[in-house]
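Fold and contact review
Listed below are the residues making up each chain.
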Amino acid sequence: MKKNLSHSLNRFGWMLHVCGNTTINLIEEAEPGIEDAYKSLTDIIFEGIVEEPEKTGRTHRSIKKQLLKLMEEAKQIMALFKRSSAHFDRYVIAYMIHSKMQTIYDFLDDFEALPSNK
């Protein structure tokens, strides 16, 4: 699971790297890749909840920590390209990635707050 988890998070990181670097051609169809990375990560999270419930707290804290770093990177990219009409598509992609990561982060936060997980 750990290898798959790292791979899934690295996909978000790679997309942000490409998105934030104007010397690299932008991903033409970013939405399917973002959705695929989102689905992959949520599948891993739910698999962990079902198969290893005793490890979810530690694993979720680790995921949240990594998501926070990636979300900060996405915010920096959005701030950089928000007012640039030439690179506004990079802003939009960073925004979509940030939104997906925020959804996952919020779920993990809500899951941790459940009385049965304390």
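Refer to the structure presented above.
Figured I'd write up the structure that's included with this text.

Each value, and the rule that gives it
Residues numbered from 1 in each chain as written. Predicted model: local features only at pLDDT ≥ 70, side-chain atom pairs only at ≥ 80, totals over all residues. Heavy atoms only, no water. Core = buried A, V, L, I, M, F, W, Y, C linked by side-chain atoms within 4.5 Å. Buried < 20%, exposed > 50% of the residue type's maximum accessible area, 1.4 Å probe, protein only. Helix = DSSP H or I, 4+ residues; strand = E, 2+ residues; numbered from the N terminus. Contact = heavy atoms within 4.5 Å. Salt bridge = Lys/Arg side-chain N within 4 Å of Asp/Glu carboxyl O.

By size, the foremost hydrophobic cluster in this structure holds 31 residues, and its most contacted members are Phe12, Leu16, Leu41, Leu67, Ile97 and Met101. Of all the elements in the fold, those that place two or more residues in this core are helix H1 (2–20), helix H2 (30–51), helix H3 (56–81) and helix H4 (88–113). The leading source of residues in this core is H4, at nine residues. Not counting residues within four places of it along the chain, the set of residues in contact with Leu41 comprises Leu5, Ser8, Leu9, Phe12, Leu67 and Ile104.

Turning our attention to the pattern of salt bridges. Under the criterion given, the structure shown has six salt bridges. Linking Lys100 and Glu35 is a salt bridge whose minimum nitrogen-to-oxygen distance equals 2.8 Å. Linking Lys100 in helix H4 with Glu35 in helix H2, this pair joins segments that are 65 residues apart in sequence. Here Lys64 makes a salt bridge to Asp109, at a shortest N to O gap of 2.7 Å. Of this pair, Lys64 sits in helix H3 while Asp109 sits in helix H4, and the two are 45 residues apart along the sequence.

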